[in-house]
Amino acid sequence: QVQLIESGGGLVQAGGSLRLSCAASGRTFSSYAMGWFRQAPGMEREFVAAMTWRNGGAYYADSVKGRFTISRDNTKSTMYLQMNSLKPMDTALYYCAASPGGSVYYTQSYNYWGQGTQVTVSS
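The text that follows walks through the structure, step by step, so that each part is easy to find.

What counts, and where the lines are drawn
Residues numbered from 1 in each chain as written. Predicted model: local features only at pLDDT ≥ 70, side-chain atom pairs only at ≥ 80, totals over all residues. Heavy atoms only, no water. Core = buried A, V, L, I, M, F, W, Y, C linked by side-chain atoms within 4.5 Å. Buried < 20%, exposed > 50% of the residue type's maximum accessible area, 1.4 Å probe, protein only. Helix = DSSP H or I, 4+ residues; strand = E, 2+ residues; numbered from the N terminus. Salt bridge = Lys/Arg side-chain N within 4 Å of Asp/Glu carboxyl O. Pairing = 2+ DSSP bridges. Axes fitted to C-alpha atoms, helices over the stretch in contact; angles between N-to-C directions. Phe/Tyr/Trp six-rings, centres within 6.5 Å; stacked < 30°, edge-to-face > 60°.

Grouped together as the largest cluster of nonpolar side chains are 36 residues, with contacts concentrated most on Leu4, Trp36, Leu81, Met83 and Tyr94. Looking at this core, the elements that each hand over two or more residues are strand 1 (2-7), strand 3 (18-26), strand 4 (33-39), strand 5 (46-52), strand 7 (68-73), strand 8 (78-83), strand 9 (92-99) and strand 11 (117-122).

Encoded structure:
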């Protein structure tokens, strides 16, 4: 019912910036909480950031607070993740996801996922 497509990943030097986009189609975009997750080789998929209409706020993992900013444009059915002061530890495959309900911090709350976009940060 919902299709998500990420874009904007790439290779960047430590300290640089990158902006990811997630385009949504299908069900009404504004009806879902939206989030970003990432997964590095050999690691579990982890929460990065999310935004929900229920609480009207943005939520971030401690590891990215002060560096990343999540936003969404309902008129364009697109979500963004602005990443600044990137570190090598940020290297991962980044996924956007949509949640019809539940806690935005957990993967189990999301029913729809994009294919992922690779972000690589070099020293």
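Let's shift gears to the pattern of salt bridges. Taken as a whole and assessed by the stated rule, the structure comprises 4 salt bridges. With its nearest N and O atoms 2.7 Å apart, the salt bridge here joins arginine 38 to glutamate 46. For glutamate 46, a relative accessible area of 35% translates into the label partly exposed. The residue arginine 38 makes a salt bridge to aspartate 90 at a minimum N-O spacing of 2.9 Å. Of this pair, arginine 38 sits in strand 4 while aspartate 90 is found in the loop between strand 8 and strand 9, placing the two residues 52 residues apart along the sequence. With respect to burial, arginine 38 and aspartate 90 carry one shared label: buried. When salt bridges with common partners are traced through the structure, they connect Arg38, Glu46, Arg67 and Asp90 into a single cluster.

Next up on the list: the pairing of strand 3. Alignment of strand 1 against strand 3, held across 6 bridges, turns out to be antiparallel. From the neighbouring strand, glutamate 6 faces strand 3, where its bridge partner is cysteine 22.

The strand order across the open sheet formed by 4 strands is 1-3-8-7, and the pairing between neighbours is antiparallel. Single-partner strands in this sheet number two, and they are strand 1 and strand 7. Along the sheet, successive strands turn relative to each other by an average axial angle of 15°, direction set aside.

The tally for this structure, following the rule as stated, stands at 8 aromatic pairs. A centroid spacing of 5.7 Å and a plane angle of 75° characterise the contact between phenylalanine 37 and phenylalanine 47, whose relative ring orientation is edge-to-face. You can see phenylalanine 37 sitting in strand 4 and its partner phenylalanine 47 sitting in strand 5, a full 10 residues away along the chain. Like phenylalanine 47, phenylalanine 37 is buried.

To continue, consider unusual backbone geometry. Most peptide bonds are trans, and most residues other than glycine sit at a negative phi. Positive phi is not limited to glycine here, since serine 77 has a value of about 50°. Here serine 77 is to be found in the loop between strand 7 and strand 8. Since its relative accessible area comes to 23%, serine 77 is described here as partly exposed. Unusually for a residue other than glycine, serine 85 sits at a positive phi of about 50°.

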